[in-house]
There are 4 protein chains.
Amino acid sequence: MVGEKGYANRSLMIGDMTRDWLVEHRTQHGDREIAGTITLVYDHHRSHVQAVLTDLQHDHHHAIISTLHVHLDHDNCLEVIVVRGKAAAVKKLADELIATKGVKHGKLTLTSTGKDLIG
Amino acid sequence: MVGEKGYANRSLMIGDMTRDWLVEHRTQHGDREIAGTITLVYDHHRSHVQAVLTDLQHDHHHAIISTLHVHLDHDNCLEVIVVRGKAAAVKKLADELIATKGVKHGKLTLTSTGKDLIG
Amino acid sequence: MVGEKGYANRSLMIGDMTRDWLVEHRTQHGDREIAGTITLVYDHHRSHVQAVLTDLQHDHHHAIISTLHVHLDHDNCLEVIVVRGKAAAVKKLADELIATKGVKHGKLTLTSTGKDLIG
Amino acid sequence: MVGEKGYANRSLMIGDMTRDWLVEHRTQHGDREIAGTITLVYDHHRSHVQAVLTDLQHDHHHAIISTLHVHLDHDNCLEVIVVRGKAAAVKKLADELIATKGVKHGKLTLTSTGKDLIG
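Thresholds, definitions, all that
Residues numbered from 1 in each chain as written. Chains lettered and ligands numbered in written order. Predicted model: local features only at pLDDT ≥ 70, side-chain atom pairs only at ≥ 80, totals over all residues. Least-squares fit on C-alpha atoms with pLDDT ≥ 70 in both. Contact = placed C-beta atoms within 7 Å. Helix = DSSP H or I, 4+ residues; strand = E, 2+ residues; numbered from the N terminus. Nonpolar A, V, L, I, M, F, W, Y, C, P; charged D, E, K, R; others polar. Pairing = 2+ DSSP bridges. Axes fitted to C-alpha atoms, helices over the stretch in contact; angles between N-to-C directions. Buried ≥ 20, exposed ≤ 12 C-beta atoms within 10 Å, placed from the backbone.

> So what exactly am I meant to see when it comes to the relation of the copies chain D and chain C here?
Relating the two copies of this chain is a rotation about some axis coupled with a shift parallel to it. For the pair chain D and chain C, the relating rotation is 180°, the translation along its axis is 0.0 Å, and the fit reaches an RMSD of 0.0 Å. Interpreted geometrically, this transformation is the action of a two-fold axis. When the interface residues of chain D are mapped onto chain C, 98% of them again fall at the interface, so both copies present the same face.

> Even after reading the chapter, I still don't get the interface of chain B and chain D, so can you show me in this structure?
Interfaces are often described in size by the accessible area the parts lose on coming together. Tallying the contact residues gives 16 residues for chain B and 16 residues for chain D. At the level of elements, α2 (49–59) and β2 (64–71) of chain B are the ones that each hand at least two residues to the side of chain B that touches chain D. The element best represented in the side of chain B that touches chain D is β2 of chain B, accounting for seven residues. Classifying every residue of the side of chain B that touches chain D gives four nonpolar, 11 polar and one charged. Sheet analysis places β2 of chain B next to strand β2 (residues 64–71) of chain D, joined by three bridges and oriented antiparallel. Paired with T67 of chain B across the two strands is H69 of chain D, which belongs to β2 of chain D.

> What is the right way to read the interface of chain D and chain C from this model?
Taken residue by residue, the interface counts 42 residues in chain D and 41 residues in chain C. Looking at the side of chain D that touches chain C, the elements that each hand over two or more residues are α1 (10–26), β1 (33–43), β2, β3 (76–86), α3 (87–99) and β4 (103–111) of chain D. Among the elements that line the side of chain D that touches chain C, the one with the most residues is β1 of chain D, at six residues. Residue classes in the side of chain D that touches chain C are distributed as 16 nonpolar, 13 polar and 13 charged.

> Before we go on, may I ask you to explain the sheet that holds strand β3 (residues 76–86) of chain B in this structure?
Through backbone hydrogen bonds, the strands of a sheet pair up, either in parallel or in antiparallel fashion. In spatial order, the strands read β4(B)-β1(B)-β3(B)-β2(B)-β2(D)-β3(D)-β1(D)-β4(D); together these eight strands make up an open sheet with antiparallel pairing. The open sheet has two free edges, formed respectively by β4 (103–111) of chain B together with β4 of chain D, since each of these has just one partner strand. Ignoring strand direction, the axes of neighbouring strands in this sheet form an average angle of 15°. Sheet analysis places strand β1 (residues 33–43) of chain B next to β3 of chain B, joined by 11 bridges and oriented antiparallel. Looking at β3 of chain B, one finds that I38 of chain B is bridged to I81 of chain B. Sitting on the sheet, helix α3 (residues 87–98) of chain B touches β1, β3 and β4 of chain B, and the angle it makes with β3 of chain B is about 160°.

> Is there a simple way to think about the pairing of β1 of chain B in this case?
Residues in a regular strand project their side chains so that they alternate between the two faces of the sheet. Residues and elements named next belong to chain B. With 10 of its 11 residues buried, β1 lies for the most part within the structure. Here eight bridges tie β1 to β4, and the two strands are oriented antiparallel to one another. Each residue of the ladder has a partner; that of Y42, found in β4, is V103.

Encoded structure:
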């Protein structure tokens, strides 16, 4: 598994697994500051989906660093929203965006702001 | 759970769960075209970590749409790499990036190109 | 001027000025491949401005690499569209986006794909 | 010229020209808050250019919202740095980045944060 996953040795892989577990654990505490991404796929022709998503994002603009929008084809958009804030607020925002009518697929990925992890 | 997750009714939530399951299922087939994001947190002062990550990305530049880099603080970087390609190739690239020495935390998030999902 | 602009010596500054002039010159030829950015500031509450901008971008999605959206405040958006294509097509797309009703300010910045410039 | 630039009528074009002139005028005042983009093209294989650029950016991370990196080909990178801050500080940062050894081409594009422009 060490080789398959591209690690040079076992202790590097164990270090990564430990940090991953730590990040997971910390995001359970609603008042910890976390960073993360919210990934959405939607068809921008669907009734007002983009307007609703943009309104939601501006309502939480202090928690959003920026949003990367990729035009996948004539209809489909991939949007990656980079967030930073308290875990509970970030999760609530993600739930609202993912539940928006017209969003085909959405995922929240949580990570750390790096401060509490030794590399 | 419907209300807690921000859905207006149960059938919207079931639609999302089904599409999520479908995306998960399809990414198991290595030759399906998928989209996704690779999220990395690292300290850019650590020896050559950024040079290694950039080299890896340029070696696979056909699979990478673009990379969003956020300067979290004086030391820590959050990098979100938006990828598109065959599932197997995307996973291999993610494994290599996440296993790079100096990366504190990394996650691959897979989604769809939207074509095979009805909104 | 060399010091004021942050250059270590005069020949470095002259090198930059020459390359800048070259990029400018080449973007005059409509069939040269160029890269660039289109920067837009708009109020997303203004009637349909975002829908019109997104439609225009999807119509030209082959020329657009990705779009970075920054939520400046509750109302104002900064959008940076990274483009790559023939100079004439990129200029036409920029003109259309900048002229869209509701866009407060827009600018096209042209650069090179790097292939034709020695560093 | 109105039609050529994609405007529906002359007053829309005059509105845009006036706002453009206003943005230009305001960026002359070093203590005005502005937004903007710094566009850089460089070969990431050139000695330490990326490390120098990243160090400079982290030194000014309060003025940088995020950076979009596009892998143009095996060698060339296009980097778009979205900035917000006092005009004088933004211009100084841009000068330093553009003058960095190994940068093939660089441009600063200034715009408004939208607050002082009526759409």
